[in-house]
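# Observations on chain architecture
Chain by chain, the residues:
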Amino acid sequence: MQLHVSPSMRSLTISSNNGFIDLMKIKVAARHISYRTLFHTILILAFLLPFVFILTAIVTLEGVNKCSSFDCLGRRLGPRLLGRVDDSGRLVKDFYKILNQVNAEEIPDGIKLPDSFNQLVSEMKNNQYDAKTFALMLRAMMEKLEREIRESKFSELMNKHFAASSIPKGLYCLSLRLTDEYSSNAHARRQLPSPELLPVLSNNSYHHFILSTDNILAASVVVNSAVQSSLRPEKIVFHIITDKKTYAGMHAWFALNPVSPAIVEVKGVHQFDWLTRENVPVLEAVENHHGIRNYYHGNHLAGANLSNTTPRTFASKLQARSPKYISLLNHLRIYLPELFPNLDKVVFLDDDVVIQRDLSPLWEIDLWGKVNGAVETCKGEDEWVMSKHFRNYFNFSHPLIAKHLDPDECAWAYGMNIFDLRTWRKTNIRETYHYWLKENLKSNLTMWKLGTLPPALIAFKGHIHPIDPSWHMLGLGYQTKTNIEKAKRAAVIHYNGQSKPWLQIGFEHLRPFWTKYVNYSNDFVRNCHILEL
């Protein structure tokens, strides 16, 4: 509000910038009024004008109550004065009513949406949108944003799946160079272990570890971590099983990089004559079942109804379609009694684990007549790893599953298991495993998605001895919220999940647990730029 006195002192002008009072003039006759009277008049007006402004504003606000534009709706939110009731609550309820009305309506086809909030505000001012139009456009913008976020998330999950299923250039280089070294260097082909140590391979007074993998670098980390963490490394024997294409490179690595005093044996699946398609249903299924290869190597988005799928559900489905599940190396653990007929007790390790504590006490655990010492995964608080029951793995709408299994039964973990092979040989675990694999193939993979854990949960049912969770901490390949202090205290940490530490998608803050056991000074590692992973 401005007060202006003309130079002649004959007029007094009062103006307001708020739109309520545009102009008020008071003319003063010079001959009939004294300066003292004028001064007092100005003081009185200055005192009364705020009240005049308030009354005028109230009258103006009363006049816009019927206004339907969003601009008017905003001006009505001010409090009523001079004893009038504040109706802002009613206005909010009115706006809720408009939002509910818009939520029940169809968004018009071809509606042009602003690209930003600033553009929306600008269009509101220019077009004088009413509250309903504003709410409709707001809903359309939010739904568009939600669609874009979902599409982006699904795209991210697909890219992550492909990254997890692929072989990094550095690891591929390492395998090729070592394979070439095997063919040209006699030292790379030397017998593992040396002839005088062969009897140790079946000596039950030693601690026997079994590792099945085609990842040379990962195998070196598992072995190095076990040896460096052991209080008696001279009692350690590692039996590494790999596929035919990786055998030469794997042998060359451990021949050129011995882990003395521990003992390492490297064998290929082609060296076990009885591992044939007839004896291994997984191999038979891969060749003969029309949908298996397409399921694991085909277009994972084809036929998928993403509108009714959450990103987490989609991620779980992608994880279940990992090509590793049709690899014999991943199913090999079910044949341990036949692979090692002279051993009584072994620890089987996945290639994505790191050993941080001496594991010799595992051989002293009494399994009480059970076959498999494993960590149960149904007693944790996290949603991803340690809260799994049978319902998380099986389709209980299938009649065979519903008849034979309990959805609330506790699941357990593969990845670090101690097996009593003597007790195992007295059971029908392998036959049960084969039976359910075949039934699942007959049902077009509708009982569960082909993997190693679901059929093992059935085959080992009644043969599990729970061990303390500190022996095996899972989830380092799933979630970023891993408890670092708890991971430091765990005997074995497991990068189960897609984010392996040797991949670029691995979690940076969890990778050091793994990289500390990589020999970056090794010529093969350095020349293949493994450090750049």
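Residues numbered from 1 in each chain as written. Predicted model: local features only at pLDDT ≥ 70, side-chain atom pairs only at ≥ 80, totals over all residues. Heavy atoms only, no water.

The name that an unreviewed UniProt entry assigns to the protein chain is Hexosyltransferase, with the source organism given as Gossypium hirsutum. In the Subcellular location (unreviewed entry) part of its UniProt record, the protein chain is described as follows: "Golgi apparatus membrane". (UniProt positions renumbered as here; feature names shortened; annotations may be inferred.)

### Focus: the sheet that holds strand β10 (residues 416-420)
Taken together, the 7 strands give an open sheet; going across it, the order is β6-β5-β4-β7-β10-β9-β11, and neighbouring strands pair in mixed fashion. A strand with exactly one partner marks an edge of an open sheet, and here the two such strands are β6 (263-268) and β11 (464-466). Between one strand axis and the next, the sheet turns by 25° as a mean value, whatever way the strands run. Bridge analysis of strand β4 (residues 207-212) against strand β5 (residues 236-242) gives 6 bridges, and the strand direction is parallel. By the bridge assignment for β5, His 207 is matched with Ile 236. Across the sheet, helix α7 (residues 216-229) lies against β4, β5, β6 and β7 (345-349), angled at about 170° from β5, the strand it touches most. (Pairing = 2+ DSSP bridges. Helix = DSSP H or I, 4+ residues; strand = E, 2+ residues; numbered from the N terminus. Axes fitted to C-alpha atoms, helices over the stretch in contact; angles between N-to-C directions. Contact = heavy atoms within 4.5 Å.)

### Focus: the packing of aromatic side chains
Counted under the stated rule, the structure contains 13 aromatic pairs. Judged by centre distance (5.3 Å) and plane angle (85°), the rings of Trp 412 and Tyr 414 are edge-to-face. As far as the burial class goes, Trp 412 and Tyr 414 line up, both buried. Seen in terms of ring centroids, Trp 412 and Phe 460 are 5.8 Å apart; in terms of plane orientation they differ by 90°. Their pairing is edge-to-face. In this pair, Trp 412 sits in the loop between α14 (399-404) and β10 while Phe 460 sits in the loop between α17 (453-459) and β11, placing the two residues 48 residues apart along the sequence. Assigned by exposure class, Trp 412 and Phe 460 land together as buried. A connected cluster of aromatic rings, assembled from ring pairs, spans Trp 412, Tyr 414, Phe 419, Trp 424 and Phe 460. A cation over a ring is seen here: Arg 333 above Tyr 414, with NZ or CZ 4.1 Å from the ring centre. Arg 357 extends its terminal NZ or CZ atom over the ring of Trp 471, reaching a point 5.1 Å from the ring centre. (Phe/Tyr/Trp six-rings, centres within 6.5 Å; stacked < 30°, edge-to-face > 60°. Buried < 20%, exposed > 50% of the residue type's maximum accessible area, 1.4 Å probe, protein only. Lys NZ or Arg CZ within 6 Å of the ring centre and 35° of its normal.)

### Overview of the pairing of β4
Burial within β4 is extensive, with 6 of its 6 residues counted as buried. Side-chain alternation along β4 places His 207, Phe 209 and Leu 211 on one buried face and His 208, Ile 210 and Ser 212 on a second face that is also buried. After leaving β4, the chain enters α7 and then returns to the sheet as β5, a path that is right-handed. As judged from the 4 bridges shared by β4 and β7, these two strands associate in the parallel manner. Across the sheet, Ile 210 pairs through a bridge with Phe 348, a residue of β7. (Right-handed = clockwise from strand over helix to strand, strands pointing away.)

### Focus on the packing of helix α6 (residues 169-184) against helix α8 (residues 244-256)
At a minimum axis distance of 8 Å, the contact between α6 and α8 shows a crossing angle of 75°. With respect to each other, α6 and α8 are oriented roughly perpendicular. The segment α6 lies against α8, with Leu 174, Ser 175, Leu 178, Thr 179, Glu 181 and Tyr 182 engaging Lys 245, Thr 246, Tyr 247, Ala 248, Gly 249, His 251, Ala 252, Trp 253 and Leu 256. The residue makeup of the contact of α6 with α8, split by class, is 8 nonpolar, 5 polar and 2 charged. (Parallel < 35°, antiparallel > 145°, perpendicular 65-115°, else oblique. Nonpolar A, V, L, I, M, F, W, Y, C, P; charged D, E, K, R; others polar.)

### What to know about the environment of Ser 470
One can find Ser 470 in the loop between β11 and α18 (484-489). You can call Ser 470 partly exposed: its relative accessible area is 32%. In sequence terms Ser 470 and Ala 490 are 20 residues apart; their C-alpha atoms lie 5.0 Å from each other. Once residues lying within four places of it in the same chain are set aside, the contact partners of Ser 470 are Arg 357, Ala 490, Ala 491 and Val 492.

### Looking at empty space enclosed by the protein
A full pass over the atoms with the stated rule returns 2 cavities of 30 Å³ or more. Estimated volume of the largest cavity: approximately 60 Å³. Forming the boundary of the largest cavity are His 207, Phe 209, Ala 226, Ser 230, Ile 236, Ile 355, Arg 357, Asp 358, Leu 359, Ser 360 and Trp 363. By residue class, the composition of the lining of the largest cavity is 6 nonpolar, 3 polar and 2 charged. (1 Å grid on protein atoms, 1.4 Å probe; cavity = no way out; pocket = protein on both sides within 12 Å on 5 of 7 lines; lining within 4 Å. Points joined across faces, edges and corners; volume = space filled by probe spheres on them.)

### Here we look at the layout of surface pockets
Considering only enclosed or pocket space, the second largest pocket measures out at about 480 Å³ in volume. Along its surface, the second largest pocket is lined by 20 residues, and Asp 382, Met 386, Gln 479, Lys 481 and Lys 486 are the ones closest to its centre. Split into classes, the residues belonging to the lining of the second largest pocket amount to 8 nonpolar, 6 polar and 6 charged.

### Observations concerning the state of the cysteines
Here the structure, examined in full by the defined rule, presents 2 disulfides. A sulfur-sulfur distance of 2.1 Å marks the disulfide that ties Cys 173 to Cys 528. Between Cys 173 and Cys 528 the sulfur-sulfur dihedral comes to about -70°; the bridge is accordingly left-handed. Here the residue Cys 173 occupies a position in helix α6, and Cys 528 occupies one in the segment after α20 (523-527), the gap between them amounting to 355 residues. For the pair shown, Cys 173 and Cys 528 are each scored as buried. (Disulfide = S-S within 2.5 Å.)

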